[in-house]
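# Chain and residue survey
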Amino acid sequence: QYLMMIFLAILVVGINAMLKNMKVSPVTLSELEKEKEVPCKIDEKGYFIWDKKAFSLIGLMGLIIGFFSGLLGAAGGFIVVPALSKITKLTIEAITATSLGVVAFVGTANIAFSASKGQLNWDIGLWFTIGGAIGMIFGSKLSEKVSPKLLQIFYVSISALTAIGLLISIVKHY
């Protein structure tokens, strides 16, 4: 139950961060510079400018994501998306792609660790992976046709529904 409460808190913080950042609808990097001052800067090509602050923040995010991923078996995307939205000027598409990459790498480490302890059910995992890959293909195709603002609204909505479901489950337990 306590782990569910922690995950619920993560969701609420993430939803709050995304709602605050939805007020900014970036069009170009020069417009972003005028609209939103963030600690992690990106250059004209969209690459990070790796100064001490950016390195520290991204590294800290990695530690937090790894910790919660190990603790809860989840939380990667729910932390990465709002955090990158808050500390960078990346587009929602770049944030989503980065989040997927982070989750894949952290997930791979989690898989290896869980498998080494004999805790991984390969049969179930395989079918979830196949379903997830097929769903990802359709979701990627759809995201190309949807505005970034609508993607943000969808992300916040899914996160809110997940948080509500968790809250109901926690309340039922007590």
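This structure is a prediction, so every number in the text was calculated from the model and none was measured. (Residues numbered from 1 in each chain as written. Predicted model: local features only at pLDDT ≥ 70, side-chain atom pairs only at ≥ 80, totals over all residues. Heavy atoms only, no water.)

## Some details on the overall build of the protein
Cut-off, in case you're wondering: Counting from the N terminus, the helices are DSSP H or I runs at least four residues long and the strands are E runs at least two residues long. Burial classes: relative accessible area under 20% of the type maximum marks a residue as buried, over 50% as exposed, and values in between as partly exposed (1.4 Å probe, protein chains only). Contacts between residues were defined by any pair of non-hydrogen atoms, one from each residue, lying within 4.5 Å. To be clear on the numbers: accessible area is Shrake-Rupley with a 1.4 Å probe, and residue cover counts the displayed protein chains and nothing else.
Scanning the protein for helices and strands turns up 7 helices and 0 strands. Put simply, the protein runs from its N terminus to its C terminus through helices and strands in the order α-α-α-α-α-α-α. Evaluated residue by residue, the protein yields a buried proportion of 26% over its 174 residues. In the protein, 67% of the contacts between residues at least 6 apart in sequence involve partners at least 24 apart. With the model as given, the accessible surface of the protein reaches about 11,300 Å², and the carbon-plus-sulfur share is 72%.

## Digging into the nonpolar core
As a reminder of what qualifies: The criterion is simple. A nonpolar core is a set of buried Ala, Val, Leu, Ile, Met, Phe, Trp, Tyr and Cys residues joined through side-chain atoms within 4.5 Å.
Among the nonpolar cores identified, the biggest contains 27 residues, and Met18, Met61 and Val81 are the most heavily contacted of them. Secondary-structure elements contributing two or more residues to this core are helix H1 (2–21), helix H3 (52–72), helix H4 (76–87), helix H5 (92–116) and helix H7 (148–173). Setting aside anything within four residues of it in sequence, one finds Met61 in contact with Val80, Ala83, Leu84 and Ile87.

## Topic: the confidence of the model for the protein
Note the threshold: The quantity called pLDDT is the predictor's confidence in a given residue, expressed from 0 to 100.
Of the residues in the protein, 89% reach a pLDDT of 70 or more, and the chain-wide mean stands at 81. For the protein, per-element mean pLDDT is lowest for helix H2 (residues 29–35), which scores 48, and highest for helix H6 (residues 122–143), which scores 90. Predicted confidence is poor over residues 24–29, with pLDDT under 50, and the contacts of this stretch with residues over four places away or in other chains come to 9 contacts.

## Structural notes on the environment of Tyr174
With respect to the helices and strands, Tyr174 occurs in the segment after H7. Between the C-alpha atom of Tyr174 and that of Gln1, which follows or precedes it by 173 residues, the distance is 9.4 Å. Residues within four places of Tyr174 in sequence aside, it is in contact with Gln1, Tyr2 and Met5.

## Quick word on the environment of Met5
With respect to the helices, strands and loops of the structure, Met5 is situated in helix H1. Taking relative accessible area as the criterion, Met5 reaches 31% and is therefore assigned partly exposed. Separated by 161 residues in the primary sequence, Met5 and Leu166 have C-alpha atoms spaced 8.0 Å apart.

## Brief notes about H5
Note the following rule: To estimate how far a helix should reach, multiply one less than its number of residues by 1.5 Å.
For H5, spanning 25 residues, the distance from its first C-alpha to its last is 36 Å, which sits close to the expected 36 Å at 1.5 Å a residue. Among the residues of H5, those classed as buried are Ile92, Ile95 and Ser99. After H5 finishes, the residue Gly118 shows a positive phi value of roughly 75 degrees.

## Overview of a nonpolar patch on the surface
The criterion, for reference: Surface patches are drawn from residues lacking salt bridges whose relative accessible area is over 30%; two like charges belong together within 9 Å, two nonpolar side chains (Val, Leu, Ile, Met, Phe, Trp, Tyr) within 5 Å. Salt bridges are defined as contacts in which a side-chain nitrogen from Lys or Arg sits within 4 Å of a carboxyl oxygen from Asp or Glu.
Together, Leu126, Trp127, Ile130, Ile134 and Phe138 give the surface a local cluster of nonpolar side chains, amounting to about 580 Å² of exposed area. Structurally, the position occupied by Ile134 is in helix H6. Classification of Ile134 as partly exposed rests on a relative accessible area of 43%.

## Notes on the environment of Leu8
Relative to the helices and strands, Leu8 resides in helix H1. Here the alpha-carbon distance between Leu8 and Leu167, two residues 159 residues apart in the chain, equals 7.1 Å. Look past the residues within four positions of Leu8 in its chain and what remains in contact with it is Ala163, Leu166, Leu167 and Ile170.

## Thoughts on the packing of H3 against H5
The condition is simple: Between N-to-C directions, angles cover 0 to 180 degrees, with each direction set by a line fitted to C-alpha atoms, over the stretch in contact for helices. In what follows, roughly perpendicular refers to angles from 65 to 115 degrees, roughly parallel to angles under 35, roughly antiparallel to angles over 145, and oblique to any angle outside these ranges. Should the near helix be turned anticlockwise from the far one by less than a right angle, the crossing is termed left-handed; should it be turned clockwise, right-handed. Residue polarity follows a fixed list, in which Ala, Val, Leu, Ile, Met, Phe, Trp, Tyr, Cys and Pro are nonpolar, Asp, Glu, Lys and Arg are charged, and the others, Gly among them, are polar.
The geometry of H3 relative to H5 is characterised by a closest axis approach of 10 Å and an angle of 45 degrees between their N-to-C directions. Between H3 and H5, the angle falls in the class oblique. In this structure, the crossing between H3 and H5 has a hand that is right-handed. Along its contact with H3, which presents Ile65, Ser69 and Gly70, the element H5 presents Val102, Val106 and Asn110. Looking at the contact of H3 with H5 residue by residue, the classes come out as 3 nonpolar, 3 polar and no charged.

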